[in-house]
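Residue-level structure breakdown
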Amino acid sequence: MSTERETTRIVRSWLLVDEHESADRVLDMVLDQLDTTPQRRAGWPARRTITMNKFMTIGLAAAAVLVAVLVGIQLFGSSSGVGGPDAEQSPTPEATASPDASAAAIPLPDGGSLAAGRYSISDPYPFTISFEAPEGWLACNFDPYEQGVCENREVGGAGVAFLVVENVVADPCSDAGLDPAVGPSVDDLVTAISNLSGFEASTPTDASVDGYPAKRFTVTAPMTSACQLRTWITPTRTNGVGLGEENLVLVVDVDGERMMVSAAYSPALATDAQMQAVEDVIASITIDP
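I will try to describe carefully the structure that is included in this document. Here the structure is a predicted model, which means the values were calculated and not measured.

Across the sheet, 3 strands lie side by side as β7-β11-β12; this open sheet has antiparallel pairing. Whereas interior strands pair on both sides, the edge strands pair on one side only; in this sheet they are β7 (167-168) and β12 (238-240). In terms of strand pairing, strand β11 (residues 230-233) meets β12 through 2 bridges, oriented antiparallel. The partner of Ile233 across the bridge, within β12, is Thr238.

Next comes the structure, spelled out in structure tokens:
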């Protein structure tokens, strides 16, 4: 019988013995195998034999350690082992879960690189938004009402932002908003954005975000401009965009509250992988009113 099979037989036999049998006897059996294991096998080249036996020795040692661990568990971790059901037991340390290993989202930080996982945004939004961020993306918070995640925008990276939009600019070369301001409905905001002077907008289509009705469309900035282009207005900021920048926009009705999701990117630089990452973030959104 091979050494590996013999070791396996010993370990298995220990698992079948009565729990009150001495653990030292089983451990000694495994240690005896370490003492009697030949350093070479007939017919194997010397160099290969040495290498293989090193791995076998390590494996046997690991088996001994495994038995010792199992013995420790049997003796000290079982309510029916030594000490009885009323014996005091050491507390088990709690594992610290990373964002992607936990079902609960963690608050999106103010900035910095993110580990892949689930993050949330709440105050000052009228609801809680959570979503999955890709590995290595950044927390990109431009405004309390415009928070999200993005790649390095300086090299043409994509980003996804969550906004509370109250109005749009009357002129993309000015910060002044429409007067009167945009109405409160989803269609009101979609129409106002689609009518931004100099911008191109696709036909809005019906969509949903976490089961809430939405309108989805794209809006593209002009390639040339005599000014710094501006678009929509949150309660505290007027948004600006770059030349030729495209935004995939979803305007969502959350039980009468309006939210906008804007995925910004450069059509000339965006890759399929970047656009898939954007779609994955959008598909992962959940909203808790």
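It is worth spelling out helix α4 (residues 186-194) at this point. Three or more residues of α4 are buried, namely Val186, Leu189, Val190, Ala192 and Ile193. Take α4 and look down its axis: the buried residues cluster within an arc of 165°, on one side only. In the core, the buried residues of α4 are packed alongside β7, β10 (212-220), β11, β13 (246-254) and β14 (257-265). The residue sitting at the N-terminus of α4 and contributing the capping side-chain oxygen is Ser185; that oxygen lies 3.5 Å from the backbone nitrogen of Asp187.

In this structure, β7 lies alongside β11, joined through 2 bridges in antiparallel fashion. Among the inter-strand pairings, Val168 is bridged to a residue of β11, identified as Trp232. The hairpin turn running from β11 into β12, its antiparallel successor, is 4 residues long.

Another aspect to go through is the sheet that holds strand β3 (residues 128-133). Read across the sheet, 4 strands follow the order β1-β2-β3-β15 without closing on themselves; strand pairing throughout is mixed. Two strands lie at the open edges of the sheet, namely β1 (106-107) and β15 (286-288), each paired on one side alone. Pairing of β1 with strand β2 (residues 117-121) involves 2 bridges; the strand directions are parallel. In the strand pairing of β2, Ile106 is matched with Tyr119.

A few words now on unusual backbone geometry. In this model, Asp123 is joined to Pro124 through a cis peptide bond whose omega is 5°. Summarising the element assignment, Pro124 is placed in the loop between β2 and β3. In the Ramachandran plot, Asp210 falls in the positive-phi region, its phi being about 55° despite a non-glycine side chain. One can find Asp210 in the loop between β9 (205-209) and β10.

For the rest of this paragraph, the subject is the pattern of salt bridges. Under the counting rule described, the total for this entry stands at 5 salt bridges. Between Arg118 and Glu132 there is a salt bridge, and its shortest N-O distance comes to 3.3 Å. Pair noted here: Arg118 is in strand β2 and Glu132 is in strand β3, with a separation of 14 residues, a long-range link. Residue classification places Glu132 among the partly exposed positions, given a relative accessible area of 33%. The partner of Asp175 in a salt bridge is Arg230, with the nearest N and O atoms 2.4 Å apart. One end of the pair, Asp175, is in the loop between β7 and α4; the other, Arg230, is in strand β11, with 55 residues separating them in the sequence. For Arg230, a relative accessible area of 22% puts it in the partly exposed group.

Conventions used here
- Residues numbered from 1 in each chain as written.
- Predicted model: local features only at pLDDT ≥ 70, side-chain atom pairs only at ≥ 80, totals over all residues.
- Heavy atoms only, no water.
- Pairing = 2+ DSSP bridges.
- Helix = DSSP H or I, 4+ residues; strand = E, 2+ residues; numbered from the N terminus.
- Buried < 20%, exposed > 50% of the residue type's maximum accessible area, 1.4 Å probe, protein only.
- Arc of directions from axis to C-beta.
- Contact = heavy atoms within 4.5 Å.
- Polar contact = N/O pair within 3.5 Å; in protein donor to acceptor, adjacent residues only side chain to side chain.
- Salt bridge = Lys/Arg side-chain N within 4 Å of Asp/Glu carboxyl O.

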